[in-house]
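Structure assessment
For reference, the chains in residue letters:
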Amino acid sequence: MMVGNGHRPMCPGIVVLLSGISLLCFADHWSFCSGLHIDYFYPFNTSTDQTTEKKDDGGSKQINISTTFHFFNKAYNTVYVSNNGIISFNKEFSDRYQPVSFPINGTALVAPFWADVDIEKVPGGHVWYGESTRMDILERASCDIRTHHPEYPNFQATWVFVCTWYRVGYYGAKGDGRNKRNTFQAVLITDGYLSFVMFNYNRIEWTTGKNSEGDVTSGLGGEEAQAGYNAECGNRSEDVMGSATEAVINLTDSTNVNLPGRHLFQLTEPSDTERPTPIKTDEVRVFPTSGSMLGGERLVVSGVCFPNCCSVIKAMYVEWNVTFTCRKLSWERAECVLPSVFRIGKVTLSFTQDSSFTCDRLVCGRDFNVSTSFSIYNFIRVSPKVERVDPQNWQLNRTVQFKWNATEFTNNRTAVAVLGYNSSIPAWEVLKGLHFTKSESTSAQMNLTIPPGYSTCIIRVAELLPNKSFGRLIRLQDYAAKAIWSDIFPVSHDPDFSRQWCDRWIEREQSLKKLPPSQPCPTIYNLAKNDIAHFQMDPFCDYSAKSSNPTCSYANKVRACFRLVSPLEGGDQVCCYGNNGDLMSADDLFGWGTQQRYHFESSDSVPTLENFEEDILPALHCRYFNQGDRDLRQSYDSFRPKSTTKGYLPPKPAQCAGDPHLVTLDGKKYTFNGVGEFIFIQDREKKCVIQIRTTQAKDIDNNKQNASIIDAVVMGGEGKKQIQVQRISQGNQHVGVLVEGVKLDLGSAQDLHISGLSLSVRRQGTEVSSVLVVFDKEGLSVEIEPTPYLLNVLLIVGSKLKGKLEGLLGNFNGKADDDFKTSNGTVLGSELSDQDIHEKFGPSWAITQEESLFTYPEGMGTANFTDLSFKPYYLDDLKGQFSEDIIKFCGLESPECLFDYQTTRNEEIASQTKKFVKFFENIVNETQPVTRCDFPPDMENATKNFTGLKENDVVEYTCLNDTGEPHVLTCLANGSWSSDEVVCRRKVQETTEEGLSEMIIAVVSAAGAVVLISIITVVCVILCRRKPKRRREQPEPMDLTEIPPFNMFNKAFLQQLQKITEDGSFKIPRPFLEDPKLYEEYF
């Protein structure tokens, strides 16, 4: 739902329109009839808005805005929203429920209605907020400023922040007071250097809460609400007329812009509006800091002094030599639309003057050439914004339908196109004529016709914008308008087309090198889920739905599918699991669940698209669309081996939780409370190195305690860039990430691949829940969970590194009794006291400045963060000293929680420690080795039926040409079947028409030969009888009934004929012979 008028009112007629609107009142609230009609509010509760927590004296956390907001010679990039009617800039202000008269020194805020709001105990109220660069909103803001400030006739807004308090009540309301509501709004507007705040008042029915000495039933009296603005320096402030008096209830009637219910204040003096001093080139800012490889997203550029005479700016992905244009919005703000690219990763994004446009010497006094770091992510990582309806029925020459969210676009023209992927360039090419729709349209349909030569398609919906600089409509193919996309989909024709497509694919595969040995799949689902060092969820399956059953585009009836985190010699492995948790056979998934030639994020191929065309489409055309074609299936299987579990070894987990409680890779548990920077784990060749920084823990009053916590983790190694994850405290975000010392914007960051490391930011709502870093080739993952007070760390390490590691987490050799090995190789013993761990073992792994991978503030190093003299509490000394409250909270089964509560006096630290330790114990249980038999092989001339792959499960083979009992094999405890082979006699098949013709020819030939031999024999006999001979006694005539019947199933005879007609049974005429002995001799 979007509340508020989304259409821009015409500037000249605002007052006239209002006179007709203000008469819309409800009888039971006639006394509060006046006020700005809700249609004159800026849109709120939109799809992009956020809401504050429904909590008394609550509000938002820190909000990082995408522009610089100037407020009387101070510049801000963050704001805070308070439920109590305040937007503050330099500090959070939610707990200030009692209004204070201006000026206030040291606080920058705007307050449309500062009072004791309660949306927790007085239900029905909402507080919505959000920034906007939507064109219609910006045009509306520009119009409002020009109307109310005619001295700025050319004002062009570039950014708007809207916060709306809708039907909010007051604290302590009772009786009729619980029905009283206020609705008001604050709008921040800037063009990059001029700043304004607008207050809109629709309904004001109360002025004071209970704790401000107000009447609980009327909401009046006491310390009345404050309204206005206050600059940080304290010498710039202004009240709204009637503020902090009983007249504040009349805000709906008062105005300073000739529009009752609206007040507008300029937050910059004329002297502040001079052209700003250019910002250093390394301070150029872009928002967002990452974009999809499909393109079409709007990019806002700020922090640069753009020349006045140039309206077009040239942007470039430097390493890829991809250029596109941006248009200037103000002196320090420009807007671009990202182009399509066919790579992913970090890239340098530069901005220069477009050489095709002439411009005088820049008024900024320097050349215009700035750059920043930008990231391109794989489009398969995010949900498509264009939804294909009933995608299973998207076939050629059918009418298909798709839909999108109307709020994605702001202008009155959009264009819809079907694009095909041309892999030879690569490029997206328009295949279907453009279909123009109105801006309010949210769906379209068309007859799906695709010209020959395209196998992969996509739907693009784009808005068309008039380019004022060029005075024409930008062509869609120039990517000069925002665009949203569907998922990619195959061109589905008919079985004959798929057969021909598959034949061409097989021909290509025959010329390519053979796939490398496959990667074994985890034996069960739980192992695949937890082996995050090697496997990740298949992005072709949608796991975002609340349903427990994912929607996998090309694999039905699965619980989940997984793919490799990093490419296997450029390729991939797909492992799918059923509801019973076992690996599913590719035979049941129509080819899904095999080894694949291309990884969907390989740097050696076009991400996703090459995998789709060379691995997914073959499974569809060779198996799914031609399920009955045995030859195609066998050909496909020969090039894409089925996934198996044979040879899989589960990973090992390790942890560091709370007030550092460690569990090594071999299972040794201990606590180390050092303060400094240490080797957490590293391989002896230094290809993967993980270091931690620990600092003193603090209690809830921010006092340091005799304990320590993990404050930062850095990962790197030979040939790798450094990724540093550190604890911060900025609103609702508790973690920051640095890549090679450069801060990463977690608000827009997607999964990134950075020189041998993969970075993934996981979220719960708007908060970062964990940061995952994977060493791609080494098979090691580090998952970091931020909390307000510390970082918890989980490691998952594959068998490839077994026996090759060292550090605080042990040597991973399968033995826990030698994990207390110092950096010089000395094993201190299998069991150590907490004091020996602190004084002898831990300090040996402290890093030097030369070893450090950390990024430091200027002039600082590892010595500034290390205190080897620090003496903590030891768990050994605290046993038996825990209070009943602590024991009740933690339970005796959680010594880590008991220790953390006792040493830090911080319940939240103890709670998070207990939760993470339990989480780790579940990981340990779910990564234990599990034995499964591999899929039983197919046997020639037999059908197969098996009950499962667990120990004692059986497989039955029934021979097609045997009436005996089935052959039964059993799954043994070692993961093998009780026998390797079942031999069945080949079944004699029915004769085909073609085979019958060949059979007749062969049999007639054979019969002719027999007749010819018979004739020759008879002639010889006659000639012999003509010679004079000695008369002898003639034998008795033979009874023809004694001749044995023709043996149609004589084995030798059948073998001879099968050589001629391999694919059929046969029938031949029985020859008529005069001499029965000839019959016996031949057969």
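Everything numeric here is computed off the predicted structure, so don't read it as measured data.

It is worth spelling out the overall build of the chain at this point. Of regular secondary structure, the chain possesses 14 helices and 57 strands. Buried residues in the chain amount to 53% of all 1083 residues. Surface summary for the chain: the accessible area is close to 50800 Å², and the carbon and sulfur share equals 49%.

Strand order across the open sheet formed by 8 strands is β42-β41-β40-β53-β52-β51-β50-β49, with antiparallel pairing between neighbours. The open sheet has two edge strands, β42 (669-671) and β49 (752-754), and neither has a second partner. Adjacent strand axes in the sheet meet at a mean angle of 20°, parallel and antiparallel pairs treated alike. Pairing of strand β50 (residues 757-764) with strand β51 (residues 767-775), which is carried by 8 bridges, proceeds in the antiparallel orientation. For Leu759, the partnering residue across the bridge sits in β51 and is Val773. The sheet strands contacting helix α11 (residues 907-926) are β40 (652-657), β41 (661-663), β52 (780-786) and β53 (791-797), and the helix crosses β40 at an angle near 175°.

This brings us to the state of the cysteines. Enumeration over the complete set of coordinates arrives at 6 disulfides. Disulfide pairing is shown between Cys502 and Cys622; the S-S distance is 1.9 Å. What sets the handedness of the Cys502 and Cys622 disulfide is the S-S torsion sign, and at about 110° it is right-handed. With Cys502 in helix α3 (residues 495-510) and Cys622 in helix α5 (residues 609-624), the pair connects residues that are 120 residues apart, well separated along the chain. Given the relative accessible area of 0%, Cys502 is considered buried. A relative accessible area of 0% places Cys622 in the buried class. Two residues, Cys561 and Cys576, share a disulfide whose sulfurs are 2.1 Å apart. Judged by the torsion about the S-S bond (105°), the Cys561/Cys576 disulfide is right-handed. Placement of the pair is Cys561 in strand β36 (residues 560-564) and Cys576 in strand β38 (residues 575-577), with a sequence separation of 15 residues. Both residues of the pair, Cys561 and Cys576, count as buried.

This brings us to the pattern of salt bridges. Evaluated as defined, the whole model comprises 25 salt bridges. For Asp144, the salt bridge goes to Arg262, with nearest N and O atoms at 3.7 Å. Taken together, the residues span a long stretch of sequence, with Asp144 in helix α2 (residues 135-148) and Arg262 in strand β13 (residues 262-266) at a distance of 118 residues. For the pair Asp144 and Arg262, one class covers both residues: buried.

For the coordinates displayed, the defined rule picks out 44 aromatic pairs. On the basis of an interplanar angle of 55° and a centroid distance of 6.2 Å, the ring pair of Trp394 and Phe402 is categorised as tilted. In textbook terms, an aromatic cluster arises when at least three aromatic residues are bridged by ring pairs, as seen for Phe69, Phe71, Phe72, Tyr76, Phe89, Tyr129, Trp159, Phe161, Phe199, Tyr201, Tyr229 and Phe265. Over the face of the ring belonging to Phe854 we find Arg693, whose NZ or CZ atom lies 4.5 Å from the ring centre.

The residue after Phe102, namely Pro103, is reached through a cis peptide bond having omega 5°. On the secondary structure map, Pro103 appears in the loop between β4 (86-88) and β5 (109-114). Cis geometry is adopted by the peptide bond preceding Pro426, which originates at Ile425 and carries an omega value of -10°. If you trace the backbone, Pro426 turns up in the loop between β24 (414-422) and β25 (427-430). Despite not being glycine, Asp390 shows a phi value in the positive range, around 50°. With respect to the helices and strands, Asp390 occurs in the loop between β22 (386-389) and β23 (399-404).

Okay, the nonpolar core next. Ranked by size, the top nonpolar core spans 59 residues in total, and within it Leu299, Tyr317, Leu349, Phe351, Phe374 and Trp428 carry the most contacts. In terms of residue count, the dominant contributor to this core is α5 (7 residues). Membership of the second largest hydrophobic core comes to 56 residues, among which are Leu665, Ile723, Val768 and Ile784.

All right, on to the environment of Cys143 then. With respect to the helices and strands, the residue Cys143 is situated in helix α2. Overall, the relative accessible area of 1% leaves Cys143 in the buried class. Sequence separation between Cys143 and Gln156 is 13 residues; the distance between their C-alpha atoms is 8.3 Å.

This next bit is on the sheet that holds strand β11 (residues 226-230). The strand order β2-β3-β4-β5-β11-β12 describes an open sheet built from 6 strands, whose pairing is antiparallel. Of all strands in the sheet, those bounded by a partner on one side alone are β2 (63-71) and β12 (237-239). Here the average twist between neighbouring strands, direction ignored, is 25°. One ladder, built from 2 bridges, connects β4 with β5; its direction is antiparallel. Along β5, the bridge assignment pairs Ser88 with Leu109.

On to the packing of helix α10 (residues 895-904) against α11, then. Contact pair α10 / α11: the axes reach a minimum separation of 8 Å and the direction vectors enclose 165°. Considering their axes alone, α10 and α11 lie roughly antiparallel with respect to each other. Between α10 and α11 lies a crossing whose hand is right-handed. Across the interface between the two elements, Glu896, Cys897, Asp900, Tyr901 and Thr904 from α10 touch Glu907, Ile909, Ala910, Thr913, Lys914 and Val917 from α11. Each residue belonging to the contact of α10 with α11 can be placed in one class, and the counts come to 5 nonpolar, 2 polar and 4 charged.

Mapped onto the elements of the fold, Thr913 is located in helix α11. With a relative accessible area of 0%, Thr913 lands in the buried category. The spacing of Thr913 and Asn792 is 121 residues in sequence and 8.1 Å in space, taken between C-alpha atoms. Discounting chain neighbours no more than four positions away, the residues touching Thr913 are Gly658, Asp659, His661, Glu896, Cys897 and Asp900. A polar contact of 2.9 Å, which involves the side chain of Thr913, links it to the backbone oxygen of Ile909.

Rules of the game
Residues numbered from 1 in each chain as written. Predicted model: local features only at pLDDT ≥ 70, side-chain atom pairs only at ≥ 80, totals over all residues. Heavy atoms only, no water. Helix = DSSP H or I, 4+ residues; strand = E, 2+ residues; numbered from the N terminus. Buried < 20%, exposed > 50% of the residue type's maximum accessible area, 1.4 Å probe, protein only. Areas by Shrake-Rupley, 256 points an atom, 1.4 Å probe, with all protein chains shown as cover. Pairing = 2+ DSSP bridges. Axes fitted to C-alpha atoms, helices over the stretch in contact; angles between N-to-C directions. Contact = heavy atoms within 4.5 Å. Disulfide = S-S within 2.5 Å. Salt bridge = Lys/Arg side-chain N within 4 Å of Asp/Glu carboxyl O. Phe/Tyr/Trp six-rings, centres within 6.5 Å; stacked < 30°, edge-to-face > 60°. Lys NZ or Arg CZ within 6 Å of the ring centre and 35° of its normal. Core = buried A, V, L, I, M, F, W, Y, C linked by side-chain atoms within 4.5 Å. Parallel < 35°, antiparallel > 145°, perpendicular 65-115°, else oblique. Left-handed = near helix turned anticlockwise from the far one by under 90°. Nonpolar A, V, L, I, M, F, W, Y, C, P; charged D, E, K, R; others polar. Polar contact = N/O pair within 3.5 Å; in protein donor to acceptor, adjacent residues only side chain to side chain.

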